[in-house]
Amino acid sequence: MERTKIEGHTAVLMANVIFGLGIPITKLLLDGWVSPMAYMATRCIGAAAIFWLISLFLPKEHVERRDLIIIMSGGLLGFVISQTLTAWALHYTSPVYFSFIATLTPVATLLCAALFIGEKMSGRGTIGVIIGIAGAMLMVLMGWKSGRGSNDLLGIGLAILSLLTWAIYLIITRSVSTKYSAVTQMKWVFLVSTIAVLPFSWSDLQGARLYSGDWQWSGALEMAFIVVFATVAGYFAIPFAMRYLKATTVSVYTNLQPIVASLVAIALAQDVLTWDKPVALALVLLSAWIVTKRD
């Protein structure tokens, strides 16, 4: 394997381990410290400040206007919309259910590639999609009957919308990911994200317990992890990896998230292990393997 591909695989591997840890930590923040919109605003502002600060010490890259539009549009879709849906999904359902839904990302990427850029879907790919949908439906039905979240059915629906927008983001930003550094892309992504989110989250920020006299170090450290690692480090690693890997390959690593997130969430008593969870996980992992397996 070429050195660049090894670096790409390493980057996306680290990113998805971080994202997996970020799911239960986000649940802790939403349960005790911030609303979904205050959570999103903090991520946007913190990441924008860090990426623009880093860019001051790097060679400047000229970004063509057309590419800048793609980067910003991708940022609004892949971060603002996708991650806002993620925050609301975790507000309603458990980290375990959410992380299992995230495992369907390769399937969603295949579907979106077929719909938006005309990639043909093979018979094997169709079978993979059906199996993945079966796994998702099992989670929906079990969540509706006996879920641990406040509204698992709504949370799972929002999680599905989140992964669809993320899959489209991977596809539409593939071309610019090979042309510009990750820092250049992300400084614009989070600048436009901050501008888009702040007007809708200002009141939530002012009323957040984390930013009041009632704050505690536990909440501050949880938010610091989300901003520095789950946002800056993770969103730096993804476009870096996409310089050397296909969007579908990058999406396969999403399968690490439910393993990490489920272990941590169950350890934190955010969910319990029931029979449907390993069965659903097996179905969505099988689906992802079928979809991404080469002939």
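Residues numbered from 1 in each chain as written. Predicted model: local features only at pLDDT ≥ 70, side-chain atom pairs only at ≥ 80, totals over all residues. Heavy atoms only, no water.

Turning to the overall build of the protein, a few remarks are in order. Along its length, the protein carries 13 helices and zero strands. Its helices and strands taken in sequence order, the protein reads α-α-α-α-α-α-α-α-α-α-α-α-α from the N to the C terminus. Of all intrachain contacts in the protein linking residues separated by at least 6 positions in sequence, the fraction that spans at least 24 positions is 90%. Within the structure as shown, the protein displays about 13,500 Å² of accessible surface, and the carbon and sulfur contribution to it stands at 70%. (Helix = DSSP H or I, 4+ residues; strand = E, 2+ residues; numbered from the N terminus. Contact = heavy atoms within 4.5 Å. Areas by Shrake-Rupley, 256 points an atom, 1.4 Å probe, with all protein chains shown as cover.)

Relative to each other, helix α9 (residues 182–207) and helix α10 (residues 217–242) sit at 125 degrees, their axes nearing to 9 Å. The orientation of α9 with respect to α10, classified from their angle, is oblique. Read as a crossing pair, α9 and α10 show a hand that is right-handed. Along its contact with α9, which presents A182, V183, Q185, M186 and F190, the element α10 presents T231, Y235, F236, P239 and F240. (Axes fitted to C-alpha atoms, helices over the stretch in contact; angles between N-to-C directions. Parallel < 35°, antiparallel > 145°, perpendicular 65-115°, else oblique. Left-handed = near helix turned anticlockwise from the far one by under 90°.)

Attention shifts here to the nonpolar core. Counting 69 residues, the largest nonpolar core has V34, Y39, F190 and I238 as its most contacted members. Looking at this core, the elements that each hand over two or more residues are α1 (3–32), α2 (36–55), α3 (65–92), α4 (95–102), α5 (105–116), α7 (152–172), α9 and α10. No other element matches the eleven residues that α10 contributes to this core. Once residues lying within four places of it in the same chain are set aside, the contact partners of F190 are C44, A47, A48, F51, F79, T231 and Y235. (Core = buried A, V, L, I, M, F, W, Y, C linked by side-chain atoms within 4.5 Å. Buried < 20%, exposed > 50% of the residue type's maximum accessible area, 1.4 Å probe, protein only.)

The next point concerns the confidence of the model for the protein. Averaged over the protein, the pLDDT score is 80; the fraction of residues at 70 or greater is 77%. Per-element confidence in the protein is highest for α2, whose mean pLDDT is 94, and lowest for helix α6 (residues 123–146), whose mean pLDDT is 60. (pLDDT = per-residue confidence, 0-100.)

Turning next to helix α12 (residues 256–267). In this model α12 runs 17 Å from its N-terminal to its C-terminal C-alpha over twelve residues, within 8% of the 16 Å that 1.5 Å per residue would give. What α12 keeps buried is the set Q257, P258, V260, A261, S262 and A265. (Expected span 1.5 Å × (residues − 1).)

Moving on: the pattern of salt bridges. Charged atoms that come close allow side chains of opposite charge to pair. Enumeration over the complete set of coordinates arrives at five salt bridges. One salt bridge connects K27 with D31, and the closest N-O pair in it is separated by 4.0 Å. Of this pair, K27 and D31 both sit in helix α1, four residues apart, which is roughly one turn of the helix. The exposure class assigned to D31 is exposed, which follows from its relative accessible area of 54%. A salt bridge links E64 to K179; the nearest nitrogen and oxygen atoms lie 4.0 Å apart. Within this pair, whereas E64 is found in the loop between α2 and α3, its partner K179 is found in the loop between α8 (174–177) and α9, the two being separated by 115 residues in sequence. Three or more residues are tied together by salt bridges with common partners; here these are E64, R66, D67 and K179. (Salt bridge = Lys/Arg side-chain N within 4 Å of Asp/Glu carboxyl O.)

Now for the environment of L210. By the element assignment, L210 lies in the loop between α9 and α10. Note on L210: relative accessible area 7%, which makes it buried. Along the sequence, L210 and L29 sit 181 residues apart, while their C-alpha atoms lie 8.8 Å from each other. With residues near it in sequence (within four places) discarded, L210 still touches W33, V34, W215, G219, A220 and M223.

A few words now on the side chain of D67. Relative to the elements of secondary structure, D67 occurs in helix α3. In this structure the side chain of D67 is engaged in a polar contact, spanning 2.6 Å, whose partner is the side chain of K179. When residues no more than four places from it in sequence are discounted, the contact partners of D67 are V176, K179 and Y180. (Polar contact = N/O pair within 3.5 Å; in protein donor to acceptor, adjacent residues only side chain to side chain.)

Glancing now at the side chain of T165. Structurally, T165 is set in helix α7. Here T165 falls in the buried class, since its relative accessible area comes to 12%. For T165, the side chain forms a polar contact with the main-chain oxygen of S162, separated by 2.7 Å. Excluding residues that lie within four positions of it along the chain, T165 makes contacts with L77, I81, S82 and L85.

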